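Observations on the model geometry
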Amino acid sequence: MSASSFNQADIISTVEFNYSGELLATGDKGGRVVIFQREQESKNRPHSRGEYNVYSTFQSHEPEFDYLKSLEIEEKINKIRWLPQQNAAHSLLSTNDKTIKLWKISQRDKRAEGYNLKDEDGRLRDPFRITSLRVPVLLPMDRMVEASPRRIFANAHTYHINSISVNSDHETYLSADDLRVNLWHLEITDRSFNIVDIKPANMEELTEVITAAECHPHQCNVFVYSSSKGTIRLCDMRAAALCDRQSKFFEEPEDPSSRSFFSEIISSISDVKFSHSGRYMMTRDYLSVKVWDLNMENRPVETYQVHEYLRSKLCSLYENDCIFDKFECCWNGADSAIMTGSYNNFFRMFDRNTRRDVTLEASRENSKPRAILKARKVSTGGKRKKDEISVDSLDFNKKILHTAWHPKENVIAVAATNNLYIFQDKIN
Amino acid sequence: MFPKGTKRKFSDSGDEPAAGGEDVNQPSSVAVRMLSSYSLQRQSLLDMSLIKLQLCHMLVEPNLCRSVLIANTVRQIQEEMTQDGTWQIMTQALSAANAAAQCSADRLVATEVLCRQTEATQGEQVLKPFPAVGSEGCPAEEEEEVVVEEEGEGGPQPPTCQAPLAWTPAGKRKMDSRTAEQVFGTFEIKNPAPSPDPALEELFSDVDASYYDLDTVLTGMQSAPKMGPYDLLESLSSHGPSPLSSSTSCRSDLNELDHIMEIIVGS
């Protein structure tokens, strides 16, 4: 348990690949967005094939002050979602607790030279001195990447935004906070439609909040939202303007033998993700990942234990607040594998077909560039084998909450506090 | 927070182990010890939860999801304690202590959150108490189940909370007149708002949007707290045993006052 000193602002709070996988965006607690770009394969530099290098860095959100409540609004980036690329520029949505921004990232690597009306310094030429016409030529220049905020979607959320999701129509997107879900049009910033509202008339009756929401990848009228009570509601926007009544309600019946005071807390869903196919969705609660078939509401089709050895430690984890950590999960491009994070900089991958799972560690000490990651194991029984780590020596400050999988290839991005790790399949 | 070490008696006084009678009643004394261990664990969980609810971030809004989950845990514990009668005992001890001594703000808040009369649980069927999860220091699950069930079958006392402030799930506030007068009398004068308890107020006040309609009309206005800036100023100026000036308040009073002054002065 080393006390590493780093700037709190550098803690990575979200990781997301774009649609092609060429770009990888990260957001941090300090409100900055860093975009990495994959190097093109080239014969000159075979070893840097597929390496991600910094492409652009910009300050997305600044800390704000809510004067009415006398509270600060954190600049921490909660989520980044890429928009499908429509032209040479790239666009993404980034959000903090209250405001969503659409950023356009464009690059310039050519400049024009040989203007007629102005000389190289930009000063206007004396028109009487111009004796001949020339055609300006485009010359290469050092690549310059610019990020500019094109839309600011503000003042629509009273509570903290936890999710944003771009719709498959590529025109709208949804944003969800603790009690409401809003639908926006990407072009319109001064209004949004409220499509879910679970705020009770009397706030004292509040017992459940929205924890995540996502649009269906293909059906632009369908979305889901998860709750702190371990339920998922699928809604159809065609059914009603206010989707308070769900079309489908997913909940696994509770196992009465494992009931405890912590049952509800560990059932709270921290992330929900549709599969790329749109047939399944995956939910992450504190101890497990569950895969649901959208056609079966009464129980998940697959359940994967992430760190079951923590079940006997729930009291301590409640005390140190770790029980409230919100882990994310992700699918691989083929929907054949899923990945999620754990503590001690461990992350877990599950193969849905072979039912095999592996625990890997993202840490500088244990991974050198191009070295193969070694599988890790946490010892649960009394006897600890060599190379195993006992539960009591796990570092709960080193948590991997955010992971992302390349949409097409076996490349993964893992955020370990303030460090980003990118792992790839070894190619011989 | 509230007097610990108060001897807890369960609904039947017969459950109390006879002094020195351990040989004869060995199984039951073990059972009682396990049960009090469970109760202690449950009590410490309740304490922990209440502390978590009280401790707010100084500057940033607390996480609503976390607050709701903790509040639900407190409610669960309270329901279970009501079922097995320990709730009544604890609140009796608490109100006795409150009447006797000068109460600190901390205890006030504890009372606020603890003392709820749940109409729902009156007349409800007996709920099997939840088995404690095995954890560090917690007794093993199996033994707990056996013991706790025994206790549960003894039948719960009808929950009659004699605490100063009672609070139903429906949100209605009931005041037990005598003790309420003593404890919250001065507070009542300052704050005529219907919901004076600071702990849950802090929990939900920031997010209670009685000004919700304004949100949609006026840009830049998020939900306003239940008390407007002028109410706040009033309660701050008459400094007394107001819960707002207690340690449970999220921000220091001076900062509040400065801030309000800034707004009024229009800097």
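Anyway, here's the lowdown on the structure attached to this text. Just so you know, the residues in each chain are numbered from 1, in the order the chain's sequence is written. Just so you know, chain letters begin at A and ligand numbers begin at 1, following the order they were written in. Local features in this predicted model are restricted to residues of pLDDT 70 or higher, and side-chain atom pairs are both shown and tallied only at a pLDDT of 80 or more, whereas totals for entire chains, interfaces and linings draw on every residue. Side-chain figures throughout are based on the complete set of non-hydrogen atoms in the structure, without hydrogens or water.

What follows is about the overall build of chain B. Strands here are runs of E lasting at least two residues and helices are runs of H or I lasting at least four, both read from the DSSP assignment and numbered beginning at the N terminus. Within chain B, the secondary structure is distributed over 10 helices and 2 strands. Helices and strands in chain B line up, N terminus first, as α-α-α-α-α-β-β-α-α-α-α-α. For the exposure calls, accessible area comes from a 1.4 Å probe over protein chains only, and a residue counts as buried if that area is under 20% of its type's maximum, exposed if over 50%, partly exposed in between. Burial statistics for chain B: of 267 residues in total, 49% are counted as buried. Per-residue and other accessible areas were derived by the Shrake-Rupley procedure at a 1.4 Å probe size, with only the shown protein chains allowed to occlude residues. Accessible surface for chain B amounts to roughly 13,000 Å². Of this, 56% is attributable to carbon and sulfur atoms.

Bringing the overall build of chain A into the picture now. Helix and strand counts for chain A come out as 2 helices and 31 strands. Between the two quantities, the radius of gyration covers C-alpha atoms and the globule rule is 2.2 Å times the number of residues to the power 0.38. In terms of overall dimensions, chain A is globule-like: its C-alpha atoms have a radius of gyration of 24 Å, near the 22 Å expected for 428 residues. With the C-alpha coordinates of chain A rotated into their principal frame, the extents come out at 95 × 55 × 45 Å. Here chain A, with 428 residues, has 52% of them falling under the buried criterion.

Residue and element names in this part refer to chain A. Any two rings among Phe, Tyr and Trp, with Trp reduced to its six-membered ring, count as a pair given centres within 6.5 Å; such a pair is stacked if its planes are under 30 degrees apart, edge-to-face if over 60, and tilted if neither. Enumeration over the complete set of coordinates arrives at 16 aromatic pairs over all chains. When the centroid spacing of 5.2 Å and the interplanar angle of 80 degrees are considered together, the rings of F153 and Y173 count as edge-to-face. In this pair, F153 is assigned in strand β10 (residues 137-153) and Y173 in strand β12 (residues 172-177), connecting sequence segments 20 residues apart. A relative accessible area of 0% places F153 in the buried class. An angle of 50 degrees between the planes, with centres 5.9 Å apart, marks the rings of Y318 and F324 as tilted. Look at Y318 and you get buried, because its relative accessible area is 0%.

The next point concerns the sheet that holds strand β30 (residues 411-416) of chain A. All names here are of chain A. Pairing between strands is defined by DSSP: at least two bridges between the two strands are required. Taken in spatial order, the 3 strands make up an open sheet running β29-β30-β31, and their pairing is antiparallel. Strands at the two margins of the open sheet, each flanked by one partner only, are β29 (402-405) and β31 (419-424). Neighbouring strand axes in the sheet, compared pairwise and without regard to direction, differ in orientation by 15 degrees on average. Strand direction decides the pairing type here: β30 and β31, joined by 6 bridges, are antiparallel. Considered in β31, the bridge of V411 is made with Q424. For every element, the axis is a line fit to its C-alpha atoms; helices are fit only across the contacting stretch, and the angle between N-to-C directions ranges from 0 to 180 degrees.

All names here are of chain A. Overall, antiparallel pairing links the 4 strands, which are arranged β11-β12-β13-β14 in an open sheet. Each of the sheet's edge strands pairs with one partner strand only, and the pair in question is β11 (161-166) and β14 (188-197). Direction aside, the axes of adjacent strands within the sheet are offset by 25 degrees on average.

Before going further, it helps to examine the nonpolar core. Throughout, nonpolar core names a set of buried Ala, Val, Leu, Ile, Met, Phe, Trp, Tyr and Cys residues whose side chains join them through atoms within 4.5 Å. In this structure, Y286, L310, L317, Y318, I323 and L394 of chain A together with L46 of chain B are the most contacted members of the largest nonpolar core, which totals 46 residues. Every element with two or more residues in this core is listed here: α1 (263-267) and α2 (314-319) of chain A together with α1 (26-54), α2 (64-83) and α3 (86-100) of chain B. Per element, the largest residue contribution to this core is 8 residues, and it comes from α2 of chain B. Contact definition: two residues touch when any of their heavy atoms are within 4.5 Å. Setting aside anything within four residues of it in sequence, one finds L310 of chain A in contact with Y286, L287, L317, Y343, V391 and F396 of chain A.

Here we come to the environment of R143 of chain A. Residue and element names in this part refer to chain A. Here R143 is to be found in strand β10. With 33 residues separating them in the primary sequence, R143 and K110 have C-alpha atoms 7.7 Å apart. Residue contacts for R143: discarding those within four places in its chain leaves Q37, V54, Y55, Q107, R108 and D109.

A few words on α2 of chain B. All names here are of chain B. Expected span of a helix: the number of residues minus one, times 1.5 Å. Taking 1.5 Å as the rise per residue, α2 with 20 residues should run 28 Å; its terminal C-alpha atoms sit 28 Å apart, in good agreement. Most of α2 is tucked away, with 19 of its 20 residues classed as buried. Pairing of N or O atoms within 3.5 Å defines a polar contact, subject to two protein rules: one partner must be a possible hydrogen donor and the other a possible acceptor, and residues neighboring in sequence count only if both atoms are side-chain atoms. For α2, the side-chain oxygen to backbone nitrogen distance between the N-cap and C65 is 3.0 Å, and the N-cap itself is N63. Looking one or two places after α2, you find G85, whose phi comes out positive at around 85 degrees.

Residues and elements named next belong to chain A. Assignment of secondary structure puts D197 in strand β14. Of the polar contacts made by the side chain of D197, one reaches the side chain of R180; its length is 3.1 Å. Among the polar contacts made by the side chain of D197, one reaches the main-chain amide nitrogen of K199 at a distance of 3.0 Å.

Another aspect to go through is the pattern of salt bridges. Salt bridge, as used here: a side-chain nitrogen of Lys or Arg that lies within 4 Å of a carboxyl oxygen of Asp or Glu. A full pass over the atoms with the stated rule returns 29 salt bridges over all chains. Between R311 of chain A and E308 of chain A there is a salt bridge, and its shortest N-O distance comes to 2.5 Å. Among the ionic pairs, R42 of chain B bridges to E80 of chain B, the shortest N-O distance being 2.5 Å. Taken together, the residues span a long stretch of sequence, with R42 of chain B in helix α1 and E80 of chain B in helix α2 at a distance of 38 residues. Several salt bridges share partner residues, and in doing so they unite D10, D28 and R32 of chain A into one network.

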